[in-house]
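Coordinates in review
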There are 2 protein chains.
Amino acid sequence: MMKFPRRIALLGSTGSIGRQTLDVVRRFPEQFHIVALAARQNIALLAQQVHEFKPSFVSCFADTPIAEEMVRTELPEAILGEEGLLGAATHAEADIVVAATSGLMGLHPTLAAIEAGKAIAIANKETLVMAGALVTQAAQRAGVPLLPIDSEHSAIWQCLRGEENATIQRLLLTASGGPFRSATVEQLRSVTVQQALTHPTWRMGQKITIDSATLMNKGLEVLEAHWLFDIPYEHINVVIHPESIIHSMVEFIDGSIKMQASLPSMHLPIMNALAYPTRLNCADTGFVRELHWADIGKLSFEALDITRFPCFHLALQAAKLGGTYPCALVGADEEAVELFLTGKIGFLDIAALIEAVLEKHQSVQQPDLSATLEACAWARRTAQHLCKRYA
Amino acid sequence: MMKFPRRIALLGSTGSIGRQTLDVVRRFPEQFHIVALAARQNIALLAQQVHEFKPSFVSCFADTPIAEEMVRTELPEAILGEEGLLGAATHAEADIVVAATSGLMGLHPTLAAIEAGKAIAIANKETLVMAGALVTQAAQRAGVPLLPIDSEHSAIWQCLRGEENATIQRLLLTASGGPFRSATVEQLRSVTVQQALTHPTWRMGQKITIDSATLMNKGLEVLEAHWLFDIPYEHINVVIHPESIIHSMVEFIDGSIKMQASLPSMHLPIMNALAYPTRLNCADTGFVRELHWADIGKLSFEALDITRFPCFHLALQAAKLGGTYPCALVGADEEAVELFLTGKIGFLDIAALIEAVLEKHQSVQQPDLSATLEACAWARRTAQHLCKRYA
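Please read all numbers here as calculations on a predicted model, not as lab measurements. (Residues numbered from 1 in each chain as written. Chains lettered and ligands numbered in written order. Predicted model: local features only at pLDDT ≥ 70, side-chain atom pairs only at ≥ 80, totals over all residues. Heavy atoms only, no water.)

Once chain B has been moved 0.0 Å along the axis and rotated by 180°, it coincides with chain A to within an RMSD of 0.0 Å. Read as a symmetry element, the transformation amounts to a two-fold axis. Taking C-alpha positions as the reference, the residue of chain B nearest the rotation axis is B:G162, at 1.9 Å. Comparing interface residues between copies, 100% of those in chain B also sit at the interface in chain A, which points to an isologous, same-surface contact. (Least-squares fit on C-alpha atoms with pLDDT ≥ 70 in both. Contact = heavy atoms within 4.5 Å.)

The structure is reproduced here in structure tokens:
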């Protein structure tokens, strides 16, 4: 077990999970030290974070010449590009790497961090969806733990403490159902970007908010759960739970069900990952809002209607087909969401476009890192090409 | 950890928990063997059980001459009275003693079983309520586990697997609210025995069903939880949850809440206690009914209104006063419930009578076994005497 204080390299420090990770570090300065920060291109915020947390290592991806120029002025010590990201991920002083970059960027640094023997607090689900076999095998070889940050997976992980894996009957992921839980197909056809960006219970980045509206996010979470907990897909189910109070459940072979609950908060799963196997004391601090059951009144549950949420179904199909299908799914979804956000396709076109890409996909079995990334890049290009149909 | 098959001495084999314990043994014959059976006076059923499970030792309390006579004919091998009960509790072949006698009878044999080094699966809450300090200290000295069978305590115990006790913020016991959850004080005044014996979610023995209707049972469970999990009373709360699906919860210092759920079933907590720390495989057997969340639809929660359920409040008062107050509470409640069941007092008189007994009680600090039993017997006598007020 790692000692405290634990030294953290934070990849994706300016995103939603990154900022909330820093809230936790700010709240528990005795327990955690930031030794490396890596961001993409929110240079102003990164500079503030560097000023506050004084890491030994700073990395900024800065993928445009203007951003690069700005980094050289504002953060002359920052290492640019892939070199910087890998440098943060493998920094000698770090005990834990928080992988909170968005989308595909997290995969290579996560694998590098695992090989460098770091514990991985994993917030980037694409990494496990695309390369679950690579990542979990590498972690097993290196003997490092994968500590889930996604609230559903954190819930399952908490329910599994002190239990044997062989006694799991099934995992039950809860889903808020997103903003269109009760919408008809007709209504879904005319959804605006603004409507899709308004999540009823969670405030998150844009990509994941759209993925939550299409329920692609829940599909990706099924794949993530499969890899994190080594449970076959047919033993992972989803139930709609609009209040987002119960974050997920585990059913055991004796019929007993354990579930984890809190008011929606990402601070809690972040704390759980960083402090595992102990828990941090937030009692009476207001840092995590207290849940009063009598005020909550009711919790509700409904079946998931996959006919209205085809993205969920596509994710499960890709999962069961295996090979590079999940990589193609992630690439096609990244592109489709971007096309939707920029007004180029409609809400229902997201699923149609992903399906069209998957139909064209030539899967590779047991892909290595380069085949994984190539399948994903192919899917992005193919989605871009096919989207002209919808323009 | 105990090996399988585990050898069980079952005290109270003809009661509700006793019969359900035998269901579990019947379902898992490879895992469990019955080595001793003890009952009070349901001689016909005990004889059937002896025929089926062929224990090495049979005990029948038989507290009337007629019962004694009947035992001599039907079960000539049975050992009578206290000697038989203690013999079953300390039987050399037993690994686990299931303490499922009702009321006060369980205390002495439970202490004897602990001293004989047996693991105790404890279904008799009066034992811990009256003599929590004696029982938990004896168990600690003997190094034997106390395995809870009450569904609420089993839930908490399951939620605590793999967690450190120091990280518990509070325990939250759920309560169905019983048949009179929504009744007015006026309606409570005229409750009949039949109404009070009709529990909305659980089928149990008569005494515990009445205790559930007055919420005395929930008060006793708070004391039981205090002793089992070593948590101060001010960190144990109760919430009304009419569906009895969530059996209890634990809130941790980081704000995370874990809860355990199932359709109401005592087989599940019995299996948990007997199989700990593993779980028995009931998948697809129908032995434990599967819970379908979408069919359940809603779970609801309300605050407990202690003004309508004064028995709950009396239990907490006795708990906080300590000494022999909890023993007097148990004795007064046993008598009051019997007086109600035989039509001698009304439903609201149960609390009034217990309160009158507690007001007269002269508590002894740190009572030993005899002071514990004496306080309880005194309370029964006093209740009998005082009840003439209500006749």
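Turning our eyes to something else, we now look at helix α15 (residues 325–341) of chain A. Given a rise of 1.5 Å per residue, 17 residues ought to cover 24 Å, and the 24 Å separating the end C-alpha atoms of α15(A) matches this to within 8%. Backbone geometry just downstream of α15(A) places A:G343 in the positive-phi region, at approximately 80°. (Helix = DSSP H or I, 4+ residues; strand = E, 2+ residues; numbered from the N terminus. Expected span 1.5 Å × (residues − 1).)

Once that is clear, we can look at the packing of helix α14 (residues 310–321) of chain A against helix α16 (residues 347–360) of chain A. Residues and elements named next belong to chain A. One way to put it is that α14 packs onto α16 with a least axis distance of 9 Å and a crossing angle of 20°. Looking at the two axes, α14 sits roughly parallel to α16. Our pair here, α14 against α16, has a crossing hand that is left-handed. Touching P310, C311 and L314 of α14 are I350, A351, I354, E355 and L358, all from α16. Split by residue class, the contact of α14 with α16 holds seven nonpolar, no polar and one charged. (Axes fitted to C-alpha atoms, helices over the stretch in contact; angles between N-to-C directions. Parallel < 35°, antiparallel > 145°, perpendicular 65-115°, else oblique. Left-handed = near helix turned anticlockwise from the far one by under 90°. Nonpolar A, V, L, I, M, F, W, Y, C, P; charged D, E, K, R; others polar.)

All names here are of chain A. Read from one edge of the open sheet, seven strands run β4-β3-β2-β1-β5-β6-β7, paired in parallel fashion. Two strands bound the open sheet, and with one partner strand each, they are β4 (79–80) and β7 (146–148). Where helix α1 (residues 16–27) meets the sheet, it contacts β1 (6–11), β2 (32–39) and β5 (96–99), and its direction lies at approximately 160° from that of β2. (Pairing = 2+ DSSP bridges.)

A separate point is the environment of B:E251. Tracing the chain through its elements places B:E251 in strand β10 (residues 246–252). Not counting chain neighbours up to four residues away, the residues in contact with B:E251 comprise A:E290, B:I168, B:Q169, B:R170, B:S256 and B:I257.

Glancing now at the sheet that holds strand β10 (residues 246–252) of chain A. Spatially, the eight strands line up as an open sheet ordered β9(A)-β8(A)-β10(A)-β11(A)-β11(B)-β10(B)-β8(B)-β9(B), and their pairing is mixed. Looking along the sheet, the strands with just one partner apiece sit at the ends: β9 (236–240) of chain A together with β9 (236–240) of chain B. Across the sheet, the axes of successive neighbouring strands diverge by a mean angle of 20°, strand direction being ignored. Where strand β8 (residues 168–175) of chain A and β10(A) come together, five bridges link them in antiparallel fashion. The residue of β10(A) that forms the bridge with A:I168 is A:F252. Running over the sheet, helix α7 (residues 151–160) of chain B touches β11 (257–261) of chain A together with β8 (168–175), β10 and β11 (257–261) of chain B and is turned about 40° from β10(B).

Our focus in this paragraph is the interface of chain B and chain A. You'll often see interface size given as the accessible area lost when the parts meet. Taken together, the contact between chain B and chain A spans 47 residues of the former and 47 residues of the latter. Summing both partners gives a buried area of about 3,800 Å² for chain B against chain A, and 55% of it is carried by carbon and sulfur. Considering only the surface of chain B that becomes buried against chain A, B:D254, B:R279 and B:W293 emerge as the three largest contributors, covering 19% of it. There are six salt bridges connecting chain B and chain A. Salt-bridge contacts for A:D254 lead to B:R279; the nearest nitrogen and oxygen are separated by 3.0 Å. Summed over the shared surface of chain B and chain A, the result is 28 residue pairs in polar contact (both at pLDDT 80 or more). Counting residues per element, the side of chain B that touches chain A draws most heavily on β11(B), at five residues. (Buried area = accessible area lost by both parts, 1.4 Å probe. Salt bridge = Lys/Arg side-chain N within 4 Å of Asp/Glu carboxyl O. Polar contact = N/O pair within 3.5 Å; in protein donor to acceptor, adjacent residues only side chain to side chain.)

Residues and elements named next belong to chain B. Looking at where A351 falls in the secondary structure, it is placed in helix α16 (residues 347–360). Distance from A351 to F309, taken between C-alpha atoms, is 8.3 Å for residues 42 residues apart in sequence. Those residues in contact with A351 that lie beyond four places of it in its chain are P310, C311 and L314.

Turning our eyes to something else, we now look at the packing of aromatic side chains. The tally for this structure, following the rule as stated, stands at twelve aromatic pairs over all chains. When the centroid spacing of 4.7 Å and the interplanar angle of 45° are considered together, the rings of A:F301 and B:W293 count as tilted. One end of the pair, A:F301, is in the loop between β12 (298–300) and α14; the other, B:W293, is in helix α13 (residues 293–296), on a second chain. Considered together, A:F301 and B:W293 belong to a single accessibility category, that of buried residues. Geometrically, the ring pair formed by A:F340 and A:F347 is edge-to-face, given 5.7 Å between the ring centres and 70° between the ring planes. Across this residue pair, the class does not change: A:F340 and A:F347 are buried. Residue placement shows B:R27 over the ring face of B:F28; its charged tip is 4.8 Å from the ring centre. (Phe/Tyr/Trp six-rings, centres within 6.5 Å; stacked < 30°, edge-to-face > 60°. Buried < 20%, exposed > 50% of the residue type's maximum accessible area, 1.4 Å probe, protein only. Lys NZ or Arg CZ within 6 Å of the ring centre and 35° of its normal.)

Residues and elements named next belong to chain A. Cis peptide bonds are those with omega within 30 degrees of zero, and the linkage from Y276 to P277 qualifies with 5°. For P277, the position within the fold is in the loop between α12 (267–275) and α13 (293–296). The backbone phi angle of S244 is positive, close to 50°, even though this residue is not glycine. Inspection of the secondary structure puts S244 in the loop between β9 and β10. Judged by its relative accessible area of 6%, S244 is buried. The phi dihedral of Q366 falls on the positive side, at around 45°, and the residue is not glycine. Within the secondary structure, Q366 sits in the loop between α16 and α17 (369–386).

Bringing the confidence of the model for chain A into the picture now. On average, residues of chain A score 95 in pLDDT, and 99% of them reach the 70 mark or higher. Confidence estimates for the predicted assembly give a pTM of 0.96 and an ipTM of 0.95. (pLDDT = per-residue confidence, 0-100.)

Moving on to the pairing of β11(A). Regular strands show a simple pattern: their side chains alternate between the two faces of the sheet. All names here are of chain A. Of all five residues in β11, five are buried; the element is thus mostly enclosed. Pairing geometry for β10 and β11, over five bridges, is antiparallel. Opposite S248, over in β11, you have Q260 as the bridge partner. Hairpin connection of β10 to β11: four residues between the antiparallel strands, including G255 at a positive phi of 95°.

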